Each structure stands twice: as structure tokens, then as C-alpha cells.
Amino acid sequence: VLEAVRQYGCALYYAAQPLKADRELVLEAVRQDGDALRAAADLLRADRELVLEAVRQNGEALSVAAEPLKADRELVLHAVRQNGQALQYAAALLRAD
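All of the points below concern the structure found in this document. (Residues numbered from 1 in each chain as written. Predicted model: local features only at pLDDT ≥ 70, side-chain atom pairs only at ≥ 80, totals over all residues. Heavy atoms only, no water.)

## Things to note about the packing of helix H2 (residues 23-32) against helix H3 (residues 48-57)
And step 1. The interhelical angle for the contact between H2 and H3, taken along N-to-C directions, is 15°, at an axis separation of 7 Å. The angle between the axes of H2 and H3 places the two elements in the roughly parallel class. Relative to H3, the crossing made by H2 is left-handed. Side by side, H2 and H3 meet where Arg23, Val26, Leu27, Val30, Arg31 and Gln32 of the first sit next to Glu49, Leu50, Glu53, Ala54 and Gln57 of the second.
And step 2. Its residues placed into classes, the contact of H2 with H3 shows five nonpolar, two polar and four charged. (Axes fitted to C-alpha atoms, helices over the stretch in contact; angles between N-to-C directions. Helix = DSSP H or I, 4+ residues; strand = E, 2+ residues; numbered from the N terminus. Parallel < 35°, antiparallel > 145°, perpendicular 65-115°, else oblique. Left-handed = near helix turned anticlockwise from the far one by under 90°. Contact = heavy atoms within 4.5 Å. Nonpolar A, V, L, I, M, F, W, Y, C, P; charged D, E, K, R; others polar.)

## Focus: the environment of aspartate 22
And step 1. Secondary-structure assignment places aspartate 22 in the loop between helix H1 (2-7) and H2.
And step 2. Sequence spacing of aspartate 22 and arginine 95 is 73 residues, and the spatial spacing of their C-alpha atoms is 32 Å.
And step 3. Among the polar contacts made by the side chain of aspartate 22, one reaches the main-chain amide nitrogen of leucine 25 at a distance of 2.9 Å. (Polar contact = N/O pair within 3.5 Å; in protein donor to acceptor, adjacent residues only side chain to side chain.)

The following block contains the structure:
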């Protein structure tokens, strides 16, 4: 599965549930395709380093990040730099900034 996500990050969608909670596997997946964060276990969507990697690759990955991370100024800035549309997923206090 590791080789599959290195080639195609969204292969994570087809991985067994326990693998979707494997931090190293998910990190490899989001490095290849930030959208793979959608397939990650909820716990990993709250992992700042992992979400930062995802939004650097695909700003729209912010849409599935844990709510506290949507209020993280640095993380949101990376997401918006990658894709301006990601601003819609940021916490209200940052959208008003």
C-alpha cells in the first residue's frame, strides 16, 4: 500500500481502515496528493504537520481538517497561497481578518 500511495496518493481511499490511521502512510499519501486527507482517519485530520503537508499540495484539503486547524493562521495562509478558494474553509475569525 505504501508504494501505491507514493505513486497515487488517493489510493489511500482503497486502503483498509487501520491503514487510514497509520500516520506515516497518510503522510506519504498527502505529500503526493493533498486530497488524500479526505480518506484519512479523523484523528489524523487533527495532526497539524500532516494537514500542513496536505494543504501545501492542495489548499482545498483545509475543508476536511479538524476545526481547530481551520483557525491556525499559518496553516490557512499556506492553504490560501496554494488555492485562494481554500479561504472559504477557514475559521470565521480568519476570514474576517
